[in-house]
Each structure stands twice: as C-alpha cells, then as structure tokens.
Amino acid sequence: YYLDDSETGDFSEDDRFRSNNYLTITGGIKNFTAGFQLEGYAPQAILNFSDSFDKELGVATYFVNYKTDKIDVQLGHFYEQFGNGLILRFWEDKQLGLNNALRGGKFTFSPTDYFNITGLYGKQRVGFNVSKGKVAGVNSELNLSEAFKFKNSNLNVGFSFVSRNQDLEDPSNQLSDATNAFSGRINFSKNRFYSNIEIVRKEKDALVEFQTVNSEKAHSGNALLLNTGYSKKGFGIDVTLRRLENMSFYSDREVQENIYNEQLINYLPSLNKQQDYSLANIYVYQTQSNLGFIPFGKAGEIGGQVALFYNIKKESFLGGKNGAKLAVNYSNWNGLKADYNLTERTYESDYFNFGSKYFSEFSLEFRKKWSKQWSSIFSFTDLFYSKKYIEETSGDVNATIFVGETTYKFSKRKSLRFEAQHLWSNDDKKDWVAATTEFNFSPKFSVFASDMYNYGNDLSKIHYFNFGGSYT
C-alpha cells in the first residue's frame with residue numbers, strides 16, 4: 001500500500017494497493033513430470049515491474065517432461081543455459097521481475113556419460129504472452145577426461161549455436177531475418193587449479209537506437225571470457241577477464257535496452273563485487289554491451305576482476321585467539337577503444353586496447369571473531385563511477401565507503417546485530433550515513449530497523465528509513 005510522502009513526493013498512481021502473487025504446482029509419475037505456475041497481479045503489479053504483468057490471475061508458465069537415463073524431453077515453458085550464458089540463458093528471478101522462459105520444446109540426448117547434445121526451439125515469455133521473434137539453439141558438451149580416462153584432471157569442451165529469427169523490414173535485402181551466434185569453450189581443472197575460456201561470434205544484426213530498428217546499419221559482435229583461479233584451505237584467488245562488443249541479444253530487436261531486461265536471450269552480468277551493504281549499492285555498475293552512437297559512440301566494454309581470500313591463522317598478530325578472514329576485491333571496466341563515425345553509424349575497434357574509463361572499485365573486508373559471543377566485520381570500498389558512460393548523464397563520482405558491523409549472541413537462539421556505514425564523496429549527492437539494527441529472537445523470527453540519510457546534499461536532505469521482519 002503506497003502512501004504520499006512529504007519529502008519524496010505524493011504517490012501519483014491510481015492504485016495504492018498492489019500485489020504480486022505466485023503459486024507453483026508440480027507433480028510426477030514414473031518418467032513423467034508436469035507443472036504450471038499461476039500468477040496474479042491485483043489490482044496491478046507492484047511498482048517497478050513491467051506492464052506486461054497485466055492480469056489479475058492467469059496461467060503464466062506450464063510444462064510436461066519425460067526423462068530417462070539418455071533422453072530428456074520437455075514441452076511448454078523451460079529454462080536453459082549454454083556454457084557461461086554469453087549467447088543463451090533463460091531463467092527466473094521473481095524479486096527482480098525477471099522471467100524470460102522459452103515456450104516451445106527442448107530435447108537432450110545423452111548417449112554416454114561423457115557426451116550430451118541439446119536442441120531447443122520456441123518463443124520467449126513476455127508477461128502472459130510471447131515474443132514475435134523465435135529462438136532456436138543447439139548445445140553440445142564433451143568431457144574428454146571421462147572419454148579418455150585422464151587421471152587427476154578434468155577437461156571439458158563445449159560448442160553452442162543460437163539463432164534468433166524475427167521478420168525484418170530491410171529495403172536493401174542485405175540483412176537476414178535470422179541473427180546467428182556461435183560459441184566454443186574449454187574448461188580445465190587439476191588439483192587446486194581451474195580455468196575456463198569461452199569465445200563468441202555473433203553475426204551481423206541491425207542497429208537499434210531509441211527502440212527503432214535500422215536494418216541498413218548492421219554490425220557483428222563478439223565476446224571473450226577468461227576465468228582462472230587457485231584455491232586451497234585458507235587461501236583462494238580468482239581472476240576474470242572479459243571483453244564484449246555489440247553483444248546485446250534480444251528475441252525482439254526493438255525492445256533492446258528496455259529497463260525491465262525483458263526478452264534477453266543471453267546473460268551478461270556485471271563482474272564486480274556483489275556488495276552486502278546499502279551505501280555500497282548506490283553506485284552499482286551495469287554491463288555496457290550495447291552498440292550506440294548517440295550521444296556518443298559506445299561499442300561494448302573491456303576489463304576484469306580479481307578476488308583474493310585469505311584465512312589469517314590463529315595466534316598471529318591479526319588472527320589472535322580465534323583467527324580472522326581477509327577478502328580483497330578489485331574490478332576495472334573501460335569502454336572499447338574505437339574510431340566512431342557518428343554520421344554514418346560505423347566504427348572500427350582495437351581488440352585489446354582500453355578506451356574511456358567506466359568504473360573501478362577496490363574493496364577490503366576483514367572478518368574477526370572476538371569470542372563465542374562477539375564477532376565483527378569491517379569493510380572499506382573506494383570506487384569510481386562514470387555517470388556519463390553508464391547513465392548517459394553528466395558527471396563522474398569518486399566515493400569512499402566504510403562499514404563496521406558487529407553481532408552479539410545472547411544464546412544459541414538469540415542475537416543482536418548492528419551496522420554503521422558512511423559514504424564520503426564530493427560529487428553527485430555527496431555524503432551519506434546509514435545504520436541498521438537487527439534482533440533475532442530465534443532462527444525462525446527476526447526484526448530490523450534501518451535508515452539512510454543523505455546529509456551532504458544541501459538541496460534535499462532525506463531520511464530513507466525501513467522497518468521489517470521475517471518469519472521462516
């Protein structure tokens with residue numbers, strides 16, 4: 001139920017009461033499984049969810065599945081991922097309002113323990129309807145270690161093909177209705193070492209600007225993802241490098257860059273630390289994979305992330321009696337270095353050269369258990385965020401964030417947690433302070449109160465308070 005607010009403004013919509021509701025029912029007998037999901041948005045979906053969720057009650061997804069040791073067949077709606085998801089991932093997250101399931105058919109054949117091949121075809125879910133564009137794909141996985149009986153190592157290879165077919169009005173007849181993408185990947189691990197590389201090639205697709213399709217200006221795309229790491233007891237390091245060029249991929253071209261991420265065929269998450277605290281989530285990086293020429297040229301992104309974890313030994317200077325845990329994370333993302341012709345809508349990129357800086361973040365986290373009752377977490381973050389390139393507005397942000405959190409256990413069932421945060425910045429909305437108090441009455445029941453205050457903003461000093469609880 002939405003209320004008017006004297007600080008942030010009155011609620012201007014008609015329906016103050018809104019709700020999202022889900023009921024999923026599945027059942028099976030022998031090799032068959034079937035199910036459906038009812039969804040209701042009455043009288044409307046809660047704010048910031050897509051208008052495509054426009055029914056008070058309806059069957060949103062349904063499926064029937066037949067599965068044996070070698071065959072897996074599904075008709076109706078289904079979810080799937082090829083490799084790392086660079087060219088295909090269908091998934092659901094109710095809290096984000098995401099459900100891009102494919103409605104059609106999927107067939108997987110596994111003739112041996114070390115090889116399988118999957119084929120699929122259908123249209124993507126859009127609310128209670130489906131897309132105009134059709135998606136087809138084939139994916140194969142081969143475990144070479146199993147096939148050739150390699151010892152003490154694991155080697156897998158995979159190949160994927162995805163085709164999006166949507167009717168295209170092309171006066172020049174130079175561009176096909178179908179846009180195809182291909183990927184190959186290798187996964188290798190031995191002892192404490194692991195690595196993965198995936199390379200993607202996307203055929204030419206029409207340029208989309210302001211949800212207008214320009215079939216006379218077509219460009220291809222590509223992607224490179226490399227992940228490697230090493231881990232043992234008490235220590236781990238993970239390095240991820242990625243380059244994306246014109247890799248936006250939607251079942252209907254014209255919906256590119258819609259704010260609800262509907263009809264996305266592939267999965268390109270931002271690769272930086274997933275922060276736990278509210279102030280550290282004000283300036284969140286979003287993957288820049290689209291090709292555009294207005295108001296300036298952008299073709300993609302290049303960068304990476306390094307994460308290091310270390311358990312500090314007991315009885316050491318920092319470890320003390322109970323030891324401690326240290327985590328360090330650094331990520332940096334730039335645009336592609338390229339020459340753009342804004343009039344002709346063409347460009348030429350340098351593959352491994354870095355362009356303008358989009359985002360960087362350094363985070364340090366220290367976890368310490370002082371006694372059986374007391375434990376603490378201290379977090380430091382320093383970041384750069386380009387509003388120009390990420391939001392296409394003016395200005396850059398340099399911010400420093402410090403968080404202190406402590407938990408006291410009264411017993412095995414009851415505990416009190418308190419956190420204090422501060423963000424320093426001379427840019428944008430400037431300084432913030434935040435605090436949270438949480439009391440756990442039992443493992444099942446807890447309540448909390450929190451507040452964020454933008455005290456450094458002379459134009460609008462607002463308390464963003466929040467009260468709540470949970471029962472599990």
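This text follows the structure it describes.
A. Quick peek at the overall build of the chain. If you tally the helices and strands in the chain, you get 2 helices and 25 strands. For the chain, the C-alpha radius of gyration of 25 Å lies close to 23 Å, the compact-globule estimate for 472 residues. Burial statistics for the chain: of 472 residues in total, 43% are counted as buried. Expressed as a percentage of contacts within the chain between residues at least 6 apart in sequence, the contacts between residues at least 24 apart total 55%.

B. Structural view of the packing of aromatic side chains. On inspection of all chains with the given rule, the structure shows 26 aromatic pairs. Ring centres of Tyr41 and Phe53 lie 5.1 Å apart, and the angle between their planes is 35°; on these two criteria the pair is classed as tilted. Of this pair, Tyr41 sits in the loop between strand S2 (32-40) and strand S3 (58-67) while Phe53 sits in the loop between S2 and S3, placing them 12 residues apart in sequence. Taking relative accessible area as the criterion, Tyr41 reaches 2% and is therefore assigned buried. Relative to Phe352, the ring of Tyr351 has its centre 4.7 Å away and its plane inclined at 80°; by these criteria the two rings are edge-to-face. Among the residues examined, Tyr351 registers a relative accessible area of 34% and is labelled partly exposed. Put simply, the rings of Trp374, Tyr408, Phe410, Phe439, Phe441 and Phe445 pair up and form one aromatic cluster. Between the NZ or CZ atom of Lys94 and the centre of the ring of Tyr22, over which it lies, the distance is 5.5 Å. Here Arg243 stacks its cationic end above the ring of Tyr351, 4.0 Å away from the centre of that ring.

C. A look at the environment of Phe418. Inspection of the secondary structure assignment puts Phe418 in strand S22 (residues 415-425). Classification of Phe418 as partly exposed rests on a relative accessible area of 38%. Along the primary structure Phe418 and Tyr408 are separated by 10 residues, whereas in three dimensions their C-alpha atoms are 8.9 Å apart. With residues up to four places along the chain from it excluded, the contact list for Phe418 reads Gly404, Glu405, Thr406, Ala435, Thr436 and Thr437.

D. Quick look at the pairing of strand S12 (residues 153-165). Here 10 bridges tie strand S11 (residues 129-143) to S12, and the two strands are oriented antiparallel to one another. Directly across from Ala136, in S12, lies its bridge partner Ser163. Here 13 bridges tie S12 to strand S13 (residues 178-190), and the two strands are oriented antiparallel to one another. Note that in S13 the partner of Phe161 across the bridge is Phe182.

E. Region of the structure containing a positive patch on the surface. Among the surface-exposed residues, Lys314, Lys321, Lys369, Lys372 and Lys409 lie close enough to one another that they form a single positively charged patch. Note that Lys372 resides in the loop between strand S19 (346-369) and strand S20 (374-386). The exposure class assigned to Lys372 is exposed, which follows from its relative accessible area of 73%.

F. Region of the structure containing the environment of Arg345. Turning to its location among the elements, Arg345 is positioned in the loop between strand S18 (324-341) and S19. By relative accessible area, Arg345 is classed as buried at 18%. Apart from the residues within four sequence positions on either side, Arg345 is in contact with Leu207, Glu209, Lys217, His219, Phe293 and Ile294.

Parameters at a glance
Residues numbered from 1 in each chain as written. Predicted model: local features only at pLDDT ≥ 70, side-chain atom pairs only at ≥ 80, totals over all residues. Heavy atoms only, no water. Helix = DSSP H or I, 4+ residues; strand = E, 2+ residues; numbered from the N terminus. Rg over C-alpha atoms; globule rule 2.2 N^0.38 Å. Buried < 20%, exposed > 50% of the residue type's maximum accessible area, 1.4 Å probe, protein only. Contact = heavy atoms within 4.5 Å. Phe/Tyr/Trp six-rings, centres within 6.5 Å; stacked < 30°, edge-to-face > 60°. Lys NZ or Arg CZ within 6 Å of the ring centre and 35° of its normal. Pairing = 2+ DSSP bridges. Patch = residues over 30% accessible without salt bridge, like charges linked within 9 Å, V, L, I, M, F, W, Y side chains within 5 Å. Areas by Shrake-Rupley, 256 points an atom, 1.4 Å probe, with all protein chains shown as cover. Salt bridge = Lys/Arg side-chain N within 4 Å of Asp/Glu carboxyl O. Lys, Arg positive; Asp, Glu negative; His and termini not counted. Charge placed at Lys NZ, Arg CZ, Asp CG, Glu CD.

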